[in-house]
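One-letter residues, chain by chain:
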Amino acid sequence: QVQLVESGGGLVQAGGSLRLSCAVSGRSFSRHTMGWFRQAPGKEREFVAAFSWSGGNTYYADVVKGRFTISRDIAENTVYLQMNRLKPEDTAVYYCAARSSSIVVTADNLYDYWGQGTQVTVSS
């Protein structure tokens, strides 16, 4: 059974940083795409960042490019999202997701597994 468990959310002031973690278990993800999405109140879920677990390019939404970094620790089976220079508009529930393909996509409906989400709140 595949499990994705996020942690690391919280309240931070604008300009601050947070690092989200996604612990991955249940199977080998060597041929999977791992992504982060977010959903703000009253808005649709949106793509944040993604990469192929086996390596290669990473992709970022324009609104986070240069501020957020997605990475992985293979030994720990963990995916991270380092978020710097946070803005109030980054406030959302952040979700970790996995796709059963190494082809990276940004559409959330193409991801097969989801975590429960972690709240990030950025105060002005």
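Residues numbered from 1 in each chain as written. Predicted model: local features only at pLDDT ≥ 70, side-chain atom pairs only at ≥ 80, totals over all residues. Heavy atoms only, no water.

Asker: Report on the packing of aromatic side chains, specifying residues and quantitative values.
Answerer: Counting across every chain of the model gives six aromatic pairs. Plain terms: the ring middles of Phe-51 and Trp-53 are 6.4 Å apart, the flat faces sit at 20° to each other, and that makes the pair stacked. When its relative accessible area of 6% is taken as the criterion, Trp-53 is described as buried. For the ring pair Tyr-95 and Trp-114, a centre distance of 6.4 Å and an interplane angle of 80° mean the geometry is edge-to-face. Of this pair, Tyr-95 sits in strand 9 (residues 92-99) while Trp-114 is found in strand 10 (residues 113-114), placing the two residues 19 residues apart along the sequence. (Phe/Tyr/Trp six-rings, centres within 6.5 Å; stacked < 30°, edge-to-face > 60°. Buried < 20%, exposed > 50% of the residue type's maximum accessible area, 1.4 Å probe, protein only. Helix = DSSP H or I, 4+ residues; strand = E, 2+ residues; numbered from the N terminus.)

Asker: Explain unusual backbone geometry to me, using residue names and the numbers behind them.
Answerer: Phi at Asn-77 takes a positive value of approximately 50°, unusual for a residue other than glycine. Positive phi, close to 50°, is recorded for Arg-85, a residue that is not glycine. With respect to the helices, strands and loops of the structure, Arg-85 is situated in the loop between strand 8 (78-83) and strand 9.

Asker: Describe the pairing of strand 7 (residues 68-73), listing the residues and the values that go with them.
Answerer: The pairing of strand 7 with strand 8 spans six bridges and is classified as antiparallel. Within strand 8, the position partnered with Asp-73 by the bridge is Thr-78. Here strand 7 hands over to strand 8 after four residues, with Asn-77 in that stretch at a positive phi of 50°. (Pairing = 2+ DSSP bridges.)

Asker: Give me the sheet that holds strand 1 (residues 3-7): which residues, what numbers.
Answerer: In space, the four strands of this open sheet follow the order 1-3-8-7, with antiparallel pairing throughout. Strands with a single pairing partner mark the edges of an open sheet, and in this sheet they are strand 1 and strand 7. Adjacent strand axes in the sheet meet at a mean angle of 15°, parallel and antiparallel pairs treated alike. (Axes fitted to C-alpha atoms, helices over the stretch in contact; angles between N-to-C directions.)

Any link to function would need more than the numbers given here.
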